[in-house]
Amino acid sequence: MINPVAPAEGIPLLSVIVPCYNEEQVIGETIRRLGAFCTELESFDVELIFVDDGSRDRTRDLLMQFAAADPRIKLICFARNFGHQIAVTAGIDSANGDAVVLIDADLQDPPEVIRQMIAKWQEGYDVVYGTRTERPGESVFKLAAARGFYRLLDRLSDVPIPLDTGDFRLMGRNVVDALRAMPERDRFVRGMVSWVGFRQVALPYRRAERFAGESKYPLRKMLRFATDGILSFSTKPLQLSIGLGIFSAFLALLGMLYAVLIRLFTDNWVEGWAAIMVAVLFIGGIQLISIGVVGEYVGRIYGEIKKRPLYIVSKYYGFDKSPPFMTRSPVVRLEPAKKGDGR
Ligand code: UDP
Ligand code: MG
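Worth saying up front: this structure is predicted, and the values here are computed from it rather than measured.

**Q** Before we go on, may I ask you to explain the site of ligand 1 in this structure?
**A** In the neighbourhood of ligand 1, 19 residues make up the surrounding shell, with Asp53, Asp106, Ser215, Lys216 and Lys221 lying closest. Contact between ligand 1 and Tyr21: an oxygen atom at 2.9 Å from a main-chain N or O atom of the residue. At 3.2 Å from an oxygen atom of ligand 1 is found a side-chain nitrogen or oxygen belonging to Asn81. Class assignment for the residues of the shell around ligand 1 results in 5 nonpolar, 5 polar and 9 charged.

Next up, the structure:
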């Protein structure tokens with residue numbers, strides 16, 4: 001089959017990457033809206049890369065059906081759930097576009113905003129990132145947690161990372177190639193894009209409510225994501241633990257002086273038990289925290305040195321030639337697109 005989305009001479013290719021995890025309730029509508037939007041984009045060829053992040057529901061089957069019907073759709077199926085940021089990475093690895101857009105599957109990021117992103121890109125920006133002006137339909141807790149997290153990250157990070165900005169963004173080929181050269185495992189994609197540099201610009205947009213289904217980010221995943229963001233972009237927690245150590249050593253010194261003076265110059269020195277207990281517990285606590293912080297970094301070093309592939313793909317579908325991802329993950333086998341191909 002001739003691939004109708006192979007980039008024709010002169011016409012730029014736009015790759016849209018959509019990570020999906022248990023999105024059976026939204027995926028049909030997402031494909032309908034994204035597809036309609038892309039059909040209107042006359043001056044672009046489009047490839048829609050869906051990454052099925054090990055969904056347990058019918059997402060994968062639905063995606064296969066849509067991919068069989070629409071040659072613009074390409075599919076990467078993971079062997080299990082590897083997480084949102086890894087799914088986005090797999091999409092980036094296999095995208096061939098001159099410009100690459102990251103968008104969530106739940107229609108919280110309106111596809112129509114992509115048109116404004118493209119306009120900015122054509123003005124000469126290399127990254128156009130969506131900044132959320134409003135986020136209706138999120139819980140008070142999520143809003144507060146996100147607000148706090150982005151501000152904390154901004155204070156701690158060595159690279160400025162824009163506030164209230166998700167992964168919804170357009171990136172030029174130069175940025176995508178730079179990202180593909182970054183092999184780290186704990187991937188905080190939005191921070192990595194900031195780190196790369198080039199010309200970046202914010203595009204304020206109104207985030208919509210989820211079209212259907214529930215958030216795939218329970219508290220556990222949110223915490224993991226926040227820890228990845230902070231530890232991957234800052235060594236300040238290590239400095240903090242040194243600071244805490246110095247502070248507690250100073251308090252301990254005061255305590256020692258106090259104990260010696262009481263012992264030498266008064267009669268009631270047996271009563272110092274409480275002070276000793278407090279000091280011991282306090283220092284013990286600080287030590288445990290510090291070891292924990294060091295341990296987090298050591299754990300990450302361990303993860304990095306194992307050099308496992310970032311993700312395992314059970315099936316590629318709809319790709320017509322070897323995408324560049326083969327270099328990152330040699331275990332995968334490329335299966336050419338066949339119409340009506342089953343699993
Ligand atoms: N997602 C994923 N793997 C995961 C969790 C989420 O690919 O382990 C996808 C999900 O399908 C969606 C996007 O990442 O397209 C953002 O997730 P979600 O909308 O649940 O997050 P929220 O908008 O609530 O922060
Ligand atoms: Mg969402």
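**Q** Quick question: what am I supposed to make of unusual backbone geometry here?
**A** In terms of backbone geometry, most residues other than glycine have negative phi values and most peptide bonds are trans. One non-glycine residue, Asn22, adopts positive backbone phi at about 50°. Within the element layout of this structure, Asn22 appears in the loop between strand S1 (13-20) and helix H1 (27-40).

**Q** When you look at the pairing of strand S4 (residues 99-102) in this model, what are you seeing that I'm missing?
**A** The side chains of a regular strand alternate, first on one face of the sheet and then on the other. Of the two faces of S4, the one lined by Ala99 and Val101 and the one lined by Val100 and Leu102 are each fully buried. Strand direction decides the pairing type here: S1 and S4, joined by 4 bridges, are parallel. Bridging from a neighbouring strand, Leu14 pairs with Ala99 of S4. Where S4 and strand S6 (residues 165-172) come together, 4 bridges link them in antiparallel fashion. Paired with Ala99 across the strands is Gly172, a residue of S6.

**Q** Which parts of the structure should I look at to understand the coordination of the magnesium ion (ligand 2)?
**A** Perfect tetrahedral coordination of a metal by four donors corresponds to 109.5 degrees between them, and perfect octahedral coordination by six donors corresponds to 90 or 180 degrees. Taken together, the protein donors to the magnesium ion (ligand 2) comprise Asp106 (OD) and Gln108 (OE1), at separations of 1.9 Å. The same class applies to Asp106 and to Gln108, which are both buried.

**Q** Can you help me understand helix H7 (residues 189-196) in this one?
**A** Each full turn of the α-helix corresponds to 3.6 residues, which orients residues three or four apart in the same direction. Taken across its 8 residues, H7 has 7 buried, putting it largely inside the fold. Along H7, the residues that are buried comprise Val189, Arg190, Gly191, Met192, Val193, Ser194 and Val196. Once H7 ends, the next one or two residues include Gly197, with phi positive near 95°.

**Q** What should I look at first to understand the packing of H1 against helix H2 (residues 59-69) in this one?
**A** Helix-helix packing is characterised by the crossing angle of the two axes and by the distance between the axes. Taken N-terminus to C-terminus, the directions of H1 and H2 make an angle of 30°; their axes are 10 Å apart at the nearest point. Relative to H2, the element H1 is oriented roughly parallel. Here the hand of the crossing between H1 and H2 comes out right-handed. Seen from H1, the contacting residues are Ile27, Gly28 and Ile31; seen from H2, they are Leu62, Leu63 and Phe66.

**Q** Could you clarify how one ought to interpret the sheet that holds S1 in this entry?
**A** Sheet strands line up and pair through hydrogen bonds in the backbone, either parallel or antiparallel. Spatially, 8 strands are ordered S7-S5-S6-S4-S1-S2-S3-S8 in an open sheet, and the strand pairing comes out mixed. At either margin of the open sheet sits one strand with a lone partner, and together these are strand S7 (200-206) and strand S8 (313-317). Adjacent strand axes in the sheet meet at a mean angle of 20°, parallel and antiparallel pairs treated alike. H7 rests against S4, strand S5 (127-134), S6 and S7 of the sheet, and its axis sits at about 45° to S6.

**Q** Can you help me understand the pattern of salt bridges in this one?
**A** Using the criterion set out here, one finds 13 salt bridges in the structure. For Arg207, the salt bridge is made with Asp104, and the minimal N-O distance between the two is 3.0 Å. On the criterion of sequence distance, the pair formed by Arg207 in the loop between S7 and helix H8 (219-233) and Asp104 in the loop between S4 and helix H4 (113-123) is long-range, its members being 103 residues apart. We note that Arg207, like Asp104, is buried. Notably, a salt bridge pairs Asp177 with Arg173, separated by 3.1 Å at the nearest N-O pair.

**Q** Can you walk me through helix H5 (residues 140-156) in this structure?
**A** An ideal rise of 1.5 Å per residue puts 24 Å on 17 residues; H5 measures up with 24 Å between its terminal C-alpha atoms. Where the residues of H5 are buried, they touch S5, S6, H7 and H8.

**Q** How should the side chain of Ser157 be read in this particular structure?
**A** Structurally, Ser157 is set in the loop between H5 and S6. Here Val159 takes part through its backbone oxygen, which lies 2.5 Å from a polar atom of the side chain of Ser157. Beyond its immediate chain neighbours, meaning those up to four positions away, Ser157 contacts Phe233, Ser234 and Lys236.

**Q** What's the story with the pairing of S1 in this structure? I'm lost.
**A** For S1, the tally of buried residues reaches 8 of 8 residues, placing the bulk of the element in the interior. A two-sided burial pattern is seen for S1, the buried positions comprising Leu13, Ser15, Ile17 and Pro19 on one face and Leu14, Val16, Val18 and Cys20 on the other. Where S1 and strand S2 (residues 45-52) come together, 8 bridges link them in parallel fashion. Bridged to Ile17 within S2 is Ile49. With respect to chirality, the unit in which S1 leads through H1 into the neighbouring parallel S2 is right-handed.

Calculation criteria
Residues numbered from 1 in each chain as written. Chains lettered and ligands numbered in written order. Predicted model: local features only at pLDDT ≥ 70, side-chain atom pairs only at ≥ 80, totals over all residues. Heavy atoms only, no water. Near = heavy atom within 4 Å. Polar contact = N/O pair within 3.5 Å; in protein donor to acceptor, adjacent residues only side chain to side chain. Nonpolar A, V, L, I, M, F, W, Y, C, P; charged D, E, K, R; others polar. Helix = DSSP H or I, 4+ residues; strand = E, 2+ residues; numbered from the N terminus. Buried < 20%, exposed > 50% of the residue type's maximum accessible area, 1.4 Å probe, protein only. Pairing = 2+ DSSP bridges. Donors = N, O, S within 2.8 Å, 3.2 Å for Na, K, Ca; no water. Axes fitted to C-alpha atoms, helices over the stretch in contact; angles between N-to-C directions. Parallel < 35°, antiparallel > 145°, perpendicular 65-115°, else oblique. Left-handed = near helix turned anticlockwise from the far one by under 90°. Contact = heavy atoms within 4.5 Å. Salt bridge = Lys/Arg side-chain N within 4 Å of Asp/Glu carboxyl O. Expected span 1.5 Å × (residues − 1). Right-handed = clockwise from strand over helix to strand, strands pointing away.

These figures capture arrangement, not role.
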